[in-house]
Amino acid sequence: MRKSLSILKNCIYLLFSIFLLNSCANETAKHIPRVYTVEIKQMKFQPAELIVQKGDTVVWINNDIVAHDVTEESGKAWTSSLMSVGQSWSLVVTQSVDYYCSIHVVMKGKLVVQ
């Protein structure tokens, strides 16, 4: 009887330890949001395509010689204000999206959420 109790106690400790380790592993597996930069220069978004995760922040910085904006392409769901030289604008990414500069429509970019 005493041996059975000892085995049961050890099994409970083992299960508790597995549960605790699994909880810790899940916490470290959670996504820590990152910040990415897209530079606007020479009439291009650089990089033109950026792979991010949901919740990451993208900052566009206008290092060109003229003003630009950043506008969601398909439904115009969001747009930055007009960014003069040296200004920036940021967005917390929730989904994959194509975007462009509504002032210079040949300038296009893409955010891919994994």
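Residues numbered from 1 in each chain as written. Predicted model: local features only at pLDDT ≥ 70, side-chain atom pairs only at ≥ 80, totals over all residues. Heavy atoms only, no water.

**Here's the deal with the pairing of strand β3 (residues 49-52)**
- Residues L50 and V52 point to one face of β3 and are all buried, whereas E49 and I51, pointing to the other face, are not buried.
- Pairing of β3 with strand β8 (residues 108-113), which is carried by four bridges, proceeds in the parallel orientation. Bridge pairing in β8 links E49 to K110. (Buried < 20%, exposed > 50% of the residue type's maximum accessible area, 1.4 Å probe, protein only. Helix = DSSP H or I, 4+ residues; strand = E, 2+ residues; numbered from the N terminus. Pairing = 2+ DSSP bridges.)

**Observations regarding the environment of A67**
- Within the secondary structure, A67 is located in the loop between β4 (57-62) and β5 (71-72).
- With relative accessibility at 25%, the residue A67 sits in the partly exposed group.
- When residues no more than four places from it in sequence are discounted, the contact partners of A67 are N62, L82, M83, S84, I103 and H104. (Contact = heavy atoms within 4.5 Å.)

**Let's talk about the sheet that holds β3**
- The mixed open sheet is built from four strands, whose spatial order is β3-β8-β7-β5. If you trace the sheet from one side to the other, it starts and ends with β3 and β5, each paired once.
- Pairing analysis gives four bridges linking strand β7 (residues 97-100) to β8, with the strands arranged antiparallel. Paired with Y100 across the bridge in β8 is K108.

**Section: the side chain of E72**
- By secondary structure assignment, the location of E72 is in strand β5.
- Of note is the side chain of E72, whose polar atom sits 3.0 Å from the backbone nitrogen of G75.
- For E72, the side chain forms a polar contact with the main-chain nitrogen of K76, separated by 2.7 Å.
- Beyond its immediate stretch of four places on either side in the chain, E72 contacts A77, W78, V97, D98, Y99 and Y100. (Polar contact = N/O pair within 3.5 Å; in protein donor to acceptor, adjacent residues only side chain to side chain.)

Interpretation in functional terms is not warranted from these geometric data alone.
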